[in-house]
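Structure at a glance
The primary structure of each chain is shown beneath.
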Amino acid sequence: MAGGKRLQPDGYSEVEETVRGVLRDILGISADRAAAFDEATPLFGALPELDSMAVAGVLTEIEDRLGIIIEDDEVDGDMLETFGALVQFAASKALT
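Structural notes, computed from the coordinates. Since the structure is predicted, the reported quantities are computational estimates derived from the model, not experimental observations.

1. A closer look at helix 4 (residues 83-94)
For helix 4, with 12 residues, the first-to-last C-alpha span of 16 Å sits near the 16 Å given by 1.5 Å per residue. Residues of helix 4 that are buried: Phe 83, Gly 84, Leu 86, Val 87, Phe 89, Ala 90 and Ala 91.

2. Some remarks on the packing of helix 1 (residues 12-27) against helix 3 (residues 52-66)
At a minimum axis distance of 9 Å, the contact between helix 1 and helix 3 shows a crossing angle of 140 degrees. Considering the angle they form, helix 1 stands oblique to helix 3. Taken as a pair, helix 1 and helix 3 cross one another with a handedness that is right-handed. Here Val 15, Thr 18, Val 19, Gly 21, Val 22, Leu 23, Asp 25, Ile 26 and Leu 27 of helix 1 lie close against helix 3, whose contacting residues are Ala 54, Gly 57, Val 58, Glu 61, Ile 62, Arg 65 and Leu 66.

3. Quick look at the packing of aromatic side chains
Here the structure, examined in full by the defined rule, presents 1 aromatic pair. With a centroid separation of 5.7 Å and 55 degrees between ring planes, the pair formed by Phe 37 and Phe 83 is classed as tilted. Of this pair, Phe 37 sits in the loop between helix 2 (31-35) and helix 3 while Phe 83 is found in helix 4, placing the two residues 46 residues apart along the sequence. Phe 37 sits in the buried class, given a relative accessible area of 7%.

4. Brief notes about the side chain of Glu 16
Tracing the backbone through its elements, the reader meets Glu 16 in helix 1. Residues within four places of Glu 16 in sequence aside, it is in contact with Phe 83 and Val 87.

So, how was this worked out
Residues numbered from 1 in each chain as written. Predicted model: local features only at pLDDT ≥ 70, side-chain atom pairs only at ≥ 80, totals over all residues. Heavy atoms only, no water. Helix = DSSP H or I, 4+ residues; strand = E, 2+ residues; numbered from the N terminus. Expected span 1.5 Å × (residues − 1). Buried < 20%, exposed > 50% of the residue type's maximum accessible area, 1.4 Å probe, protein only. Axes fitted to C-alpha atoms, helices over the stretch in contact; angles between N-to-C directions. Parallel < 35°, antiparallel > 145°, perpendicular 65-115°, else oblique. Left-handed = near helix turned anticlockwise from the far one by under 90°. Contact = heavy atoms within 4.5 Å. Phe/Tyr/Trp six-rings, centres within 6.5 Å; stacked < 30°, edge-to-face > 60°.

Take a look at the structure:
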């Protein structure tokens, strides 16, 4: 995706890899499958492993690994719509 990628803040790629690792570990998906996720990869509603029960585990693990707090009122469908949206959300919390 060279050329079309936005400039990201320092630490963004680390947040992206952390979120990718959480999805792999919590949802039990293969490393190859998780590695193929890009900004536009749909998540909630598209990944059978990411059901409403799994969302809490994913968000709790993101909190633990990034040392952030995700408030209940911050959780919505938009942040879980795509891999990119989830990474953007996590980065906005972790890199400020």
